[in-house]
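# Structural overview
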Amino acid sequence: MKHALPQEHTSKPTGKAAFFDIDGTLISTNVVHAYGYYAMNEGSLPGILKRTLTTVAQIPLFGALNLVDRKIFNEYFYRQYEGLTEDRLLTLTEDLFEDVVKPAIFSKAKDLIDEARRAGCRIVLVTGALDFTMRPLARHLGADDLIANRMQFVGGIATGKVIPPIIEGANKANVIREYCETHHISLMKSFAYTDSASDYAMLTVVGRPTAVNPDIRLRALARSYNWPILDVR
Amino acid sequence: MRPLKTLKKLYDEESHIVITEKGSPPRVMFYGEDFWVEDLPVGTRVIFPRPPLEGVPNVKAAIRYALNHPEGMDPLHALLKPGMKVTIAVDDISLPLPPMKTPDVRQTVCEIVLELLADSGVDDVHIIIANALHRRMTDAEMKRMMGEKIYDAFAPDRYYNHDAEDPEGITELERTSSNEVVAINRRAAESDLVIYVNINLVPMDGGHKSVGTGLTNYESLRAHHNPQTIRDSPSYMEPKKSQLHSSVDRIGRVIDKTIKVFHIETTINNRMFEEPVGFLMKKEEDFSEFDRLKLQGMKYALSKMPRPMKRKMFFNIYAPYEVTGVFAGSTEPTHEKTLEMSWKQYSVPVQGQSDIVIFGMPYVSPYNVNSILNPLLVQVMALGYLFNLNRGVPLVKKGGVIIITHPCYDEFDPDHHAPYIEFFNRCLTETRDAHVLSHKYEREFAKNPSYVHLYRKGNSYHGAHPFYMWYWGENGRQHVGKVIAAGAENNHVPAIMGWDRADTLSEAIEDARGFMGRSASISFVKIPPIFQVDVRL
């Protein structure tokens, strides 16, 4: 005897979404800028000095790790948050947005998001940055959802570990796929926007990929696959 | 080698038709960014354009006369009041082709109009390029079209491109009697007076089409830019017999009812080339030895250049057009005068149709100025424009063959023609049926935020534009039995288009004769300069 499939499996997904990477795509800053801001506003003078100097000293290492493997970079980089208090971070988030993130939004980024919204897309920001850091930006841009990395806190203190799965590379494609299933959204009708070839998986999982302010590798890929190339700077 | 004297056979110098005889000179034809020099079969009818009409002796005086003696309206100065809001709309870079030498006649008209506005105390003036869903003109192109003085005084805040996707920038008027959406640029709609400055190259342009399509949006264009309206328009060049123009006229009349529009239409002659490429304006029978030398020299130089350099070179050749008429006033009576003048220059009477028609395909179309004539634009030139340059009776017989000479390279400009790339590779490989394409994909492309963004913030044609290019060729596709791309450098581009290919023109003619019969009649249309055939049956 045949069993009827649950309703969600039988009807075709009809909605569409636009998934936006953030760093380099919508804003010119990145995760290091955000941490730098937290480090410089840590609260105590020795703490500020220690964290700021450590961060500056490690910039070449961050750069190298980012080039080699984004996953290793994320795991290593987020260790810097260890010991920071949750309430301090949350307090600084709004200031970080006003002082650092908001001025770094690319001039035409909001237009692109508005155009996607007018096209009937849910606006979803997908980023390797930390969720509390990007929440004000998501609110400012009118995003419907934010998919971002989550810092683990124990007793209100950051452990420096990100709650898995880390949102980067292939995992961005996985979370987008899951998001579409949950929200009854068609992957084929959806759009993805990113600036980096490291987000290749995110671009290929949707039906309408677009390169935004692409790096050299992504520009070459976009040319090969006839993806549109935008410049929102 | 044939002696030169045999190339100067006797022929009727006044006639636009030359029948190819044994010993007739080989014909020069465009092959994209190159030239072919080809012997045509004996008996081939070669159709030439009319010689350029003489331009008006004083363009500024002609403009001032038109402004002071308009058709169906008061003179422009009588319409002006201090403090009023005026919008000047101008045709975009798609006209004329090739772009004209500076000063562009739009600049000359605007300089005079702006002076008049200033003298009348009108300070609230915007100049809008009526580009509809065409690409935005670049700053350099805008400066070239209007001159440095106007550009510096007005750009970017008061001299800019129309934005059909600006949600705040479009306003909807009442619908037409056929329920067509009438949408118009908000600034123009809220102006006390709109002055439209047009360049008329062919009868398809101007009239109600100027404001009704140039300053509107996708929703309004859908009323007539669709496969069925195109099929119901046997000739785009004869407005009275065209459903396309009927729809445009209905929309235009609603606009005229709501907004005061003062049209300034200009006609130009067909002097598209001058030295050192002046030989392109001549019949081959009239070529001097020096002309032949220049042609061979140019062919040699082109053979050594990469394609982008050839394009650069051709787009630096500006046309020395002369203004043949300036007409002003209300839409319809002004346009009547314009059409009359336009036919004087472009109409070439021809007796009877042909089984096979050969078009030399140039490097430029209205949609690739400073860019690439991509496969879709080759199609629109062949089946949209050149096929339709007639008054209801095409030059090629029903079921006949069109031969075009073009490499049909698979090249697209990602900055200007981004949606074309997807249309060509994704949609056209699925179906060539314009109705299916329209229903299945047009809206998706038109609303694609990436394409909307490229149109609004970059210099790309709108997402719906590649569809219009395909619809434009609809009548040609329905009419002809076969299209052969002579010299196509690949198989897949002609195949996607549904065409045959041949390596050479001779091979293409042989194929066409195989299709139409050995006694098939052949016409070669010697363009550019462009012209329209008035076929008498």
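The structure presented is a predicted model; accordingly, all values stated were derived computationally and were not measured.

Each value, and the rule that gives it
Residues numbered from 1 in each chain as written. Chains lettered and ligands numbered in written order. Predicted model: local features only at pLDDT ≥ 70, side-chain atom pairs only at ≥ 80, totals over all residues. Contact = placed C-beta atoms within 7 Å. Helix = DSSP H or I, 4+ residues; strand = E, 2+ residues; numbered from the N terminus. Nonpolar A, V, L, I, M, F, W, Y, C, P; charged D, E, K, R; others polar. Buried ≥ 20, exposed ≤ 12 C-beta atoms within 10 Å, placed from the backbone. Pairing = 2+ DSSP bridges. Domains from an automatic or database assignment.

### Points about the interface of chain B and chain A
Where interface size is given, it is often the accessible area lost as the parts come together that is meant. Between chain B and chain A, the contact holds 15 residues from the first and 16 residues from the second. Of all the elements in the fold, those that place two or more residues in the side of chain B that touches chain A are helix H15 (418-427) and helix H17 (449-457) of chain B. No other element matches the 7 residues that H17 of chain B contributes to the side of chain B that touches chain A. Along the lines of polarity and charge, the residues of the side of chain B that touches chain A split into 8 nonpolar, 4 polar and 3 charged.

### With respect to the pairing of strand S1 (residues 16-20) of chain A
Along any regular strand the residues' side chains alternate between the sheet's two faces. All names here are of chain A. With respect to burial, S1 is a largely interior element, 5 of its 5 residues being buried. Here S1 shows no split at all, with Lys 16, Ala 18 and Phe 20 on one side and Ala 17 and Phe 19 on the other all buried. Note that S1 and strand S2 (residues 121-130) share 5 bridges and pair parallel. By the bridge assignment for S2, Ala 18 is matched with Ile 123. Pairing between S1 and strand S6 (residues 191-194): 3 bridges, direction parallel. Residue pairing in the sheet places Phe 20 in a bridge with Tyr 193 of S6.

### What to know about the domain arrangement of chain B
Residue and element names in this part refer to chain B. By the assigned domains, chain B splits into domain 1 (4-52 + 276-317 + 347-536) and domain 2 (61-195 + 204-268). When each unit is reduced to the centre of its C-alpha atoms, the spacing between domain 1 and domain 2 is 29 Å. Contacts between domain 1 and domain 2 engage 31 residues on the former and 26 residues on the latter. Among the elements of the structure, helix H16 (434-447), H17, helix H18 (465-472) and helix H19 (474-479) are those that each provide at least two residues to the side of domain 1 that touches domain 2. Of the residues that constitute the side of domain 1 that touches domain 2, the class distribution is 15 nonpolar, 13 polar and 3 charged.

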